Amino acid sequence: MKKLDKEELLDIKGGAITGTYVNAIVRGIESLLELGRSFGSSIRRWMSNDICRLP
């Protein structure tokens, strides 16, 4: 293994998009979509007065 000096270490570029990042982004988008569906459903039920009420 070659030892790198300080200038070579500072010149290293890295960081690719990995499966972990893609998975996290997809899960975040899915969570936002589910939140929107729930919020839209609650607004629709509230506007149509179709809310379950306790006796």
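Refer to the preceding data block for the structure.
In this text, all values refer to a predicted model and were calculated from it rather than measured experimentally.

Chemist: Break down the overall build of the protein for me, citing the residues and quoting the values.
Modeler: Each helix and strand in the protein was counted, giving two helices and zero strands. Its C-alpha radius of gyration of 25 Å places the protein more than 25% over the 10 Å reference for a compact globule of 55 residues. Over its C-alpha atoms, taken along the principal directions, the protein stretches across nearly 75 × 15 × 15 Å. Each of the 55 residues in the protein was classed as buried or not, and the buried ones make up 0%. A total of about 5800 Å² of accessible surface is found on the protein, and carbon and sulfur atoms cover 63% of it.

Chemist: Explain the pattern of salt bridges to me, using residue names and the numbers behind them.
Modeler: Here the idea is simple: oppositely charged side chains can pair when their charged atoms come close. In the structure shown here, the tally under the stated rule is three salt bridges. The partner of lysine 13 in a salt bridge is aspartate 11, with the nearest N and O atoms 4.0 Å apart. Neither residue differs from the other here; lysine 13 and aspartate 11 are each classed as exposed. Between arginine 37 and glutamate 34 there is a salt bridge; the shortest N-O distance is 3.4 Å. Within this pair, arginine 37 and its partner glutamate 34 are both found in helix H2 (residues 19–47), separated by three residues, close to a single helical turn.

Chemist: Any chance you could break down H2 for me, citing the residues and the numbers?
Modeler: Counting along an α-helix, one turn takes 3.6 residues, and residues three or four places apart therefore face a common direction. Here H2 contains 29 residues, and its C-alpha end-to-end distance of 42 Å stays within 8% of the 42 Å for a straight helix at 1.5 Å per residue. Asparagine 49, located one to two residues past H2, shows a positive phi value of around 55°.

Chemist: Which residues make up the environment of aspartate 11, and what are the values?
Modeler: Residue position: aspartate 11 is located in the loop between helix H1 (6–10) and H2. Taking the C-alpha atoms as reference, aspartate 11 lies 48 Å from serine 38; in sequence the two are 27 residues apart.

Chemist: Residues and numbers for a nonpolar patch on the surface, please.
Modeler: A contiguous nonpolar surface patch, about 580 Å² in accessible area, is contributed by Phe39, Ile43, Trp46, Met47 and Ile51. As for its placement among the helices and strands, tryptophan 46 is situated in helix H2. Overall, tryptophan 46 belongs to the exposed group, its relative accessible area being 57%.

How each quantity is defined
Residues numbered from 1 in each chain as written. Predicted model: local features only at pLDDT ≥ 70, side-chain atom pairs only at ≥ 80, totals over all residues. Heavy atoms only, no water. Helix = DSSP H or I, 4+ residues; strand = E, 2+ residues; numbered from the N terminus. Rg over C-alpha atoms; globule rule 2.2 N^0.38 Å. Buried < 20%, exposed > 50% of the residue type's maximum accessible area, 1.4 Å probe, protein only. Areas by Shrake-Rupley, 256 points an atom, 1.4 Å probe, with all protein chains shown as cover. Salt bridge = Lys/Arg side-chain N within 4 Å of Asp/Glu carboxyl O. Expected span 1.5 Å × (residues − 1). Patch = residues over 30% accessible without salt bridge, like charges linked within 9 Å, V, L, I, M, F, W, Y side chains within 5 Å.

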